[in-house]
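Summary of structural features
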Amino acid sequence: MADISMAALTKVYPGGVRALDGIDLTIADGEFFALLGPSGCGKTTLLRTLAGLETASSGSVGIGGRDVTALPPGRRDVAMVFQDYALFPHMSVSDNIAYPLRIQKVPGATRREKAAQTAAELGLTDYLDRRPGQLSGGQQQRVALARAMACHPQVFLFDEPLSNLDARMRLEARTFLKRLQRELGVTTVFVTHDQAEALALADRIAVMESGRIRQLGTPAEVFRYPANTFVASFIGSTPMNLLDGQVAGGRIDVAGALLPVPEGLEEGLAEGEKLVYGIRPEYLGLAEGPAEGALRGAVRVVENLGSAQLVTLEGESGFVQAVVDEDRRLTPGEIGHAVPRRDRALLYRDGELLNRAPAESGPAGRPGEGEAA
Amino acid sequence: MSTEATTDLEKHSSPGRGGPPPDPSATGHLAGLAGARQAVRRIGFYVFCCLLLAFFALPLLWLACAPFDRTPTITASLPDFTLQNFDTLFDNPYAMRSLGNSLLLAAGTGVLVVVFAALAAYALSRVRLPGRDALLYTLLLLSSIVTGTAAMVPLFNLAFELHLIDSQLGVILVLTGGLLPSAIFILKDFMDGTPRSYEESAQVFGASPLQIVRHVVVPLVRPGLATIAVWSVAQVWGNFLIPFLLLRSPEKSPAAVVMYTFYTEGGQPDLALISTFSLLYSLPVVLMFLLVSSRYGFRFHGGIKR
Ligand SMILES: Nc1ncnc2c1ncn2[C@@H]1O[C@H](COP(=O)(O)OP(=O)(O)OP(=O)(O)O)[C@@H](O)[C@H]1O
Ligand SMILES: [Mg+2]
């Protein structure tokens, strides 16, 4: 069991790509930590630098209080699950799982016994003699996990382990992964570009953009109070509405609609100041008729989300999306009035959040729950 | 191809052979005529193919017949059966020993080529070197000279300076040097085709580079290694120039060189001996091809099936 610490970690690839740019991060012992970010932001690079497959250009990495910056991968006591699982195609499942033990020179019989034991924990007993090529994606993923578990590492590193699975399997695998991590209590760093996965799994999330961490927090914090407009537009199954506005008489004027200022932010706003008003589609209600403090727009697109509908309104403020009840009948072209929930509205000045997260974001709960992958 | 062709032939010839024609009047007759013409054309084609095949098969036929003939000539004919030629061959002091020498040279070179080519190809495939590809192409170009006639004199001088004249080790080293570049070139393609994540995965578990090569890389490129091994053995087996150049004593000479000495007292090539020896000489290579191709299969490109 070990914590991970990174200080001013920088990785510049030959050719000048700055994939990591001064990362300072501490991951607690036993934590399930997600690295989230768009493609090319440096998630894999960070993970590989932790594993030792890439050497840091500057800065340091510590695992379990030990400085491992200069240690080769094999001596860091970590296990990595690759995106393509990297199961050895020429070895049976049993040999694959036992491979770390083979490197540790554990005798053959003990090795096979341990492999069988680990495989049993993951429900792989029936497949021990098969080759990886004869397994389904989900089974391969479990073999990869078993192989990582077999050497009892201090840290698990997962690089998008669920991305090769179909949507249904992914939900199952993710629950399974979470349970497994809880039981083992091993510090886990998990890379994903799927925000729903990160929200559902992680104890804490770091949202990255071009080699920097843009926000660090619990899933609830990151979802409720995205620290900047980048995170705001990245997190959430439907992107947040970010509308240009202006302070006008204690309200926010968004293209003619006067919206109430979020609670606790009344002071400190200068009249006429330009701000960005953020509201998630889930927190926009569609009023029956013209209403005060509502965003007005014509219905352009209605998307069925199953238990709800995502409506895109085109108004003077541009496109606004709202999630409305599944029973509501909407015809394209009709005028809609979207009313924001005041306690969920966010204000951004120069791209940074003005709202303060309450010390404890209790009842906000885990918003990631209902989101389909 | 041949099976396809025969079924084709059957299909075409069946109406002519007397399958019930659709209409037993003049049209039926016409159709039969057209079918016959088709069949004749087909037959002509196959006769041509057979002749062509016979032309190429004749030497092999000779190889199969002559050793068992009491009075072999350079024509292939039904043998006047005897095993006498084999007895003569076994009595020849150098014949059987030369096969052993060939085996030694081929095996030695094969092992060296496979081991060095595997290591070099792995390194070249995984390590970024400036000018790596240029290096490979230059080596490939030069290798055809190294074991070729053009480098005969310098090679001899080199071997002389290194005291490797009349040494089988010398022959093995020279042949290995000549074969390595092509072997590296082919194997590098195999290595390039195996994903790095396998090795990285092993690396994270603490495997050393040599362990990675043994446990992961070699099994993945096994068809490539088999191809290289067979290819280099065949190359050495058939090589005449280098051993002829570097070996003095007949008891160290391989089969290809010894065969050159089979003359009758009259100065005529001893066909009985040559044909019999040729048969023995070609058998091991054929057997090796069959064995390796059934066990590993040959492939000349990288990439792995998963
Ligand atoms: N070996 C390399 N050499 C040079 N540049 C690289 C190398 N590997 C990655 N990069 C660059 O570094 C940046 C970060 O890459 P990285 O693979 O860490 O992204 P990522 O966040 O994992 O993206 P994805 O979600 O697509 O996997 C990218 O701009 C990429 O082009
Ligand atoms: Mg990646």
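Quick look at the structure, then. (Residues numbered from 1 in each chain as written. Chains lettered and ligands numbered in written order. Predicted model: local features only at pLDDT ≥ 70, side-chain atom pairs only at ≥ 80, totals over all residues. Heavy atoms only, no water.)

1. Things to note about the overall build of chain B
Definition in use: In DSSP terms, a helix is any run of H or I states spanning at least four residues, a strand is any run of E spanning at least two, and both are numbered starting from the N terminus. Think of it in three bands: residues with accessible area under 20% of the maximum for their type are buried, residues over 50% are exposed, and the middle band is partly exposed, with areas taken using a 1.4 Å probe on protein chains only. Surface exposure here means Shrake-Rupley accessible area, sampled with a 1.4 Å probe, where a residue is shielded only by the protein chains that are shown.
Across its full length, chain B holds 13 helices and 0 strands. Going from the N terminus to the C terminus, chain B shows its helices and strands as α-α-α-α-α-α-α-α-α-α-α-α-α. Relative to its 306 residues, chain B shows a buried fraction of 40%. Of the roughly 17600 Å² that chain B leaves accessible, carbon and sulfur atoms contribute 69%.

2. Side note on the overall build of chain A
So the rule is basically this: Here, two residues are considered to be in contact whenever any of their heavy atoms come within 4.5 Å of each other. Charge convention: Lys and Arg are scored as positive, Asp and Glu as negative, and His as well as the terminal groups of each chain are ignored. Charge positions are represented by NZ for Lys, CZ for Arg, CG for Asp and CD for Glu.
Per the secondary structure count, chain A includes 8 helices and 21 strands. Considered along the principal axes of its C-alpha atoms, chain A spans approximately 75 × 45 × 40 Å. Residues classed as buried in chain A amount to 53% of the 373 residues present. Within chain A, contacts between residues separated by at least 24 positions form 67% of all contacts whose residues are at least 6 apart in sequence. Positive and negative side-chain charges in chain A, numbering 39 and 47 respectively, have mean positions lying 7 Å apart.

3. Overview of unusual backbone geometry
Positive phi, normally seen in glycine, also occurs at A:His152, with a value near 45°. Judged by relative accessible area, A:His152 falls into the exposed class, the value being 59%. Of note in this structure, B:Asp166 is not a glycine but carries a positive phi near 60°. Following the sequence through the fold, B:Asp166 ends up in the loop between helix H6 (152-161) and helix H7 (168-192).

4. Structural notes on the site of ligand 1
All names here are of chain A. Condition: Throughout this document, a residue counts as near a molecule or strand when at least one of its heavy atoms sits within 4 Å of that molecule or strand. Definition of a polar contact: a pair of N or O atoms within 3.5 Å, with one able to donate and the other able to accept a hydrogen when the atoms are protein atoms, and with sequence-neighbouring residues admitted only if both atoms are side-chain atoms. Put simply, Ala, Val, Leu, Ile, Met, Phe, Trp, Tyr, Cys and Pro go in the nonpolar bin, Asp, Glu, Lys and Arg in the charged bin, and everything else, Gly too, in the polar bin.
Near ligand 1, the surroundings consist of Tyr-13, Val-17, Ala-19, Ser-39, Gly-40, Cys-41, Gly-42, Lys-43, Thr-44, Thr-45 and Glu-160. The contact in question runs from an oxygen atom of ligand 1 to an N or O atom on the backbone of Gly-42, over 3.0 Å. With respect to ligand 1, the side chain of Thr-44 contributes an N or O atom lying 2.5 Å from an oxygen atom. In isolation ligand 1 offers 640 Å² of accessible surface; the protein chains occlude 61% of this area. If one sorts the elements of the shell around ligand 1 by residue count, helix H1 (residues 43-51) sits on top with 3 residues. Tallied by class, the residues present in the shell around ligand 1 amount to 4 nonpolar, 5 polar and 2 charged.

5. Thoughts on the pairing of strand S9 (residues 204-209) of chain A
Residue and element names in this part refer to chain A. To be explicit about the condition: Two strands pair if DSSP finds at least two bridges between them.
By the bridge criterion, 4 bridges tie strand S3 (residues 32-36) to S9 in an arrangement that is parallel. Of the residues in S9, the one forming a bridge with Leu-36 is Val-207. Bridge count for S9 against strand S10 (residues 212-217) is 5 bridges, and the pairing is antiparallel. Within S10, the position partnered with Glu-209 by the bridge is Arg-212. Adjacent in sequence and paired antiparallel, S9 and S10 are bridged by 2 residues, among which Ser-210 carries a positive phi angle near 30°.

6. Here's the deal with the sheet that holds strand S6 (residues 78-81) of chain A
For sheets, the rule is that strands pair by backbone hydrogen bonds, running either parallel or antiparallel. Residues and elements named next belong to chain A. To keep things clear, this is the line we draw: To obtain an axis, a line is fitted to C-alpha atoms, over the contacting stretch when the element is a helix, and the angle between two such axes runs from 0 to 180 degrees between their N-to-C directions.
With mixed pairing, 6 strands are arranged side by side in an open sheet as S6-S7-S8-S3-S9-S10. Of all strands in the sheet, those with a lone pairing partner are S6 and S10, marking the two edges. Going from strand to strand, the sheet's axes swing by 20° on average, the running direction of each strand aside. Helix-sheet contacts for helix H4 (residues 137-150) involve S6 and strand S7 (155-159), and the interaxial angle to S6 is about 175°.

7. Details of the state of the cysteines
By definition, a disulfide links the sulfur atoms of two cysteines through a covalent bond. Basically, it comes down to this: When two cysteine sulfur atoms are found within 2.5 Å, that pair is recorded as a disulfide.
Throughout the structure, instances matching the rule amount to 0 disulfides over all chains. Free cysteine: B:Cys65, not disulfide-bonded; nearest cysteine sulfur from B:Cys50 at 18 Å.

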